[in-house]
Amino acid sequence: MSDSSRMAAAMRRPSSLPDRNGYFGEYGGRFVSESLMEALYELEAAFRKAWADPTYHREMNEVYRDFVGRATPLYFAEGLTRKLGGARIYLKREDLNHTGAHKINNTVGQALLALRMRKKRLIAETGAGQHGVATATVAARYGFECDVYMGSEDARRQSLNVFRMNLLGATVKPVDSGTKTLKDAISEALRDWSHSVLSTHYVLGTAFGPHPFPLIVRSFQSVIGREARKQILRKEGRLPDALIACVGGGSNSMGLFFPFLSDLECVLYGVEAGGRSLKPGEHAARFQTGKVGVLQGSRTYVLQDGDGQIEKTHSVSAGLDYSAVGPELAYYHDSGRISFVSVSDDEALEAFETLGKTEGILPALESSHAIAWAIRKARDLGPDRVLVVNLSGRGDKDVMEVARIKGVSFS
Ligand SMILES: *Cc1c(COP(=O)(O)O)cnc(C)c1O
């Protein structure tokens, strides 16, 4: 059986998660207004039909190859491995994708779905702008109108990405409510979608939100793990001892882990943002201090105070800076299949520089969290072990921020 038909078969098995109401155990679901239910049903039906259709996978694979630049390499990080003197470290090079990160895997999949659903317009939310740029890119490629919701505070901080989206033909809509950040942008995008669903597809950017988004985003991103599994078998003749990925909403981590879930010999580590400390407001380590609640359509771990108010979050990396986490990860957290750890801002910054100096690769600050955990684990594990780390994105976007933190000025 081909990879895609094996995946399609797995998704039809009644035991496979999520269940028909979008639950991974007790997490997930569809906590939205009645006006959005129809949109979610339509999307789920379209997704299941497309996913079972070999033509859809052929189209997607062609775009992945010629537009995105897949398959991405699995690279043996010899310099880093030698410096640490421990496990052999491999990097899955999602940083080499068009637009610089894994996010485009998902926006391509959803754009092809929107074409099949005969939508004319794409909307998206964005925090730092990475997902907004990836959505604007596919909108330009396929001729969709495109509006991107962005908290006005984020738009001010990330004005270069706003300009980049404009150059690609998208309109950025600043959101002035609440804390003027990602959470408010998602709420605004859902509101738009509830009255524009006939013409519009909402491209959610991570494995989060109401069903079926966690399912469809993980399905598109699982190309990362399918490639990595084949590549490591070819290079090492066996599966890795551990896989490591950073966790924002959960799309690059679930994408890498999904094809390894039943390989129980592989330990899976999700790395959250430990920020400045684990005090409220200083981090985004949902599994360290979060409690179960409902946020933006999904039941999951949420950082909240005693009254259920959403806590502020902080991370040096904008992509990990969010108060809730994808429901599928919550399920595998409780079952113990995925181990969650956190890495501080300082440790991530150190890993950013270490990878630059040992490998000639500047990782995104999000990915630097995964690298930092790999540095710790490689030393513990010893030389006959194998680690695979998801290098979810490139660090070019973060160079100015790192300069600011180090007190370097250019004027
Ligand atoms: C957005 C982003 C992340 C975090 O999002 P996930 O959905 O958890 O993958 C991680 N790395 C990079 C480079 C990103 O742009």
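Values in this document were obtained by computation on a predicted structure and should not be read as measured data. (Residues numbered from 1 in each chain as written. Predicted model: local features only at pLDDT ≥ 70, side-chain atom pairs only at ≥ 80, totals over all residues. Heavy atoms only, no water.)

## Describing the pairing of strand β11 (residues 291-295)
Phase 1: Across five bridges, the pairing between β11 and strand β12 (residues 298-302) is antiparallel. In the strand pairing of β12, Val294 is matched with Arg299.
Phase 2: Where β11 hands over to β12, the hairpin turn is made up of two residues, of which Gln296 adopts a positive phi near 45°. (Pairing = 2+ DSSP bridges. Helix = DSSP H or I, 4+ residues; strand = E, 2+ residues; numbered from the N terminus.)

## Considering the site of the ligand
Phase 1: Near the ligand lie 17 residues; those nearest to it are Lys103, Thr206, Gly248, Ser251 and Asn252.
Phase 2: One nitrogen or oxygen atom from the main chain of Gly249 is found 3.1 Å from an oxygen atom belonging to the ligand.
Phase 3: A distance of 2.7 Å separates an oxygen atom of the ligand from a polar atom in the side chain of Asn252.
Phase 4: Classifying every residue of the shell around the ligand by side-chain character gives four nonpolar, 11 polar and two charged. (Near = heavy atom within 4 Å. Polar contact = N/O pair within 3.5 Å; in protein donor to acceptor, adjacent residues only side chain to side chain. Nonpolar A, V, L, I, M, F, W, Y, C, P; charged D, E, K, R; others polar.)

## What about the sheet that holds strand β5 (residues 121-126)?
Phase 1: The four strands lie next to each other as β7-β6-β5-β8, forming an open sheet whose pairing is parallel. The sheet is open, and its two borders are formed by β7 (171-175) and β8 (200-202), each paired with just one other strand. Each strand axis lies, on average, 25° off the axis of its neighbour in the sheet, ignoring direction.
Phase 2: One ladder, built from three bridges, connects β5 with β8; its direction is parallel. (Axes fitted to C-alpha atoms, helices over the stretch in contact; angles between N-to-C directions.)

## Focus on the pairing of strand β4 (residues 88-93)
Phase 1: In terms of residue burial, β4 counts as a mostly covered element, since five of its six residues are buried.
Phase 2: Across three bridges, strand β3 (residues 74-76) lies against β4 in antiparallel orientation. Note on β4: the bridge partner recorded for Phe76 is Tyr90. (Buried < 20%, exposed > 50% of the residue type's maximum accessible area, 1.4 Å probe, protein only.)

## Things to note about the environment of Arg141
Phase 1: Mapped onto the fold, Arg141 is located in helix α6 (residues 130-142).
Phase 2: In the structure, Arg141 is positioned 30 residues away from Ala111 in sequence and 9.5 Å away in space, judged by C-alpha atoms.

## As for the sheet that holds strand β13 (residues 338-344)
Phase 1: Strand order in the open sheet formed by six strands is β3-β4-β14-β9-β10-β13, with mixed pairing between adjacent strands. If you trace the sheet from one side to the other, it starts and ends with β3 and β13, each paired once. Recorded for the sheet is a direction-independent mean angle of 25° between the axes of neighbouring strands.
Phase 2: As paired strands, β4 and strand β14 (residues 386-391) are joined by six bridges and run parallel to one another.

## Digging into the side chain of Arg70
Phase 1: Checked against the element boundaries, Arg70 lands in the loop between α3 (54-68) and β3.
Phase 2: On the basis of relative accessibility, which here comes to 7%, the residue Arg70 falls in the buried class.
Phase 3: In terms of polar contacts, Arg70 uses its side chain to reach the side chain of Asn105, at 2.8 Å.
Phase 4: In this view, Arg70 contacts Tyr64, Arg65, Lys92, Glu94, Asn97, Asn105, Val223, Ile224 and Glu227; residues no more than four positions away in its chain are not counted. (Contact = heavy atoms within 4.5 Å.)

## Thoughts on the side chain of Arg226
Phase 1: By the element assignment, Arg226 lies in helix α11 (residues 223-236).
Phase 2: Within polar-contact distance, the side chain of Arg226 engages the side chain of Ser222 at 2.8 Å.

## Re helix α9 (residues 182-196)
An α-helix turns once per 3.6 residues; consequently, residues spaced three or four apart project the same way.
Phase 1: With 15 residues, α9 should cover 21 Å at 1.5 Å per step; its first-to-last C-alpha distance of 21 Å lies within 8% of that length.
Phase 2: Of all the residues in α9, the buried ones are Asp184, Ala185, Ile186, Ala189, Leu190, Asp192, Trp193 and Ser196.
Phase 3: On its buried side, α9 packs onto α2 (34-51), β5, β6 (145-151), β7, β8 and α10 (213-221). (Expected span 1.5 Å × (residues − 1).)

## A short note on unusual backbone geometry
Phase 1: In this model, Arg70 is joined to Ala71 through a cis peptide bond whose omega is 0°.
Phase 2: Position of Ala71 among the secondary structure elements: in the loop between α3 and β3.
Phase 3: In this structure, Pro212 follows His211 across a cis peptide bond, with omega equal to 10°.
Phase 4: Secondary-structure assignment places Pro212 in the loop between β8 and α10.
Phase 5: A positive phi angle is found at Arg118, which is not glycine, with a value near 60°.

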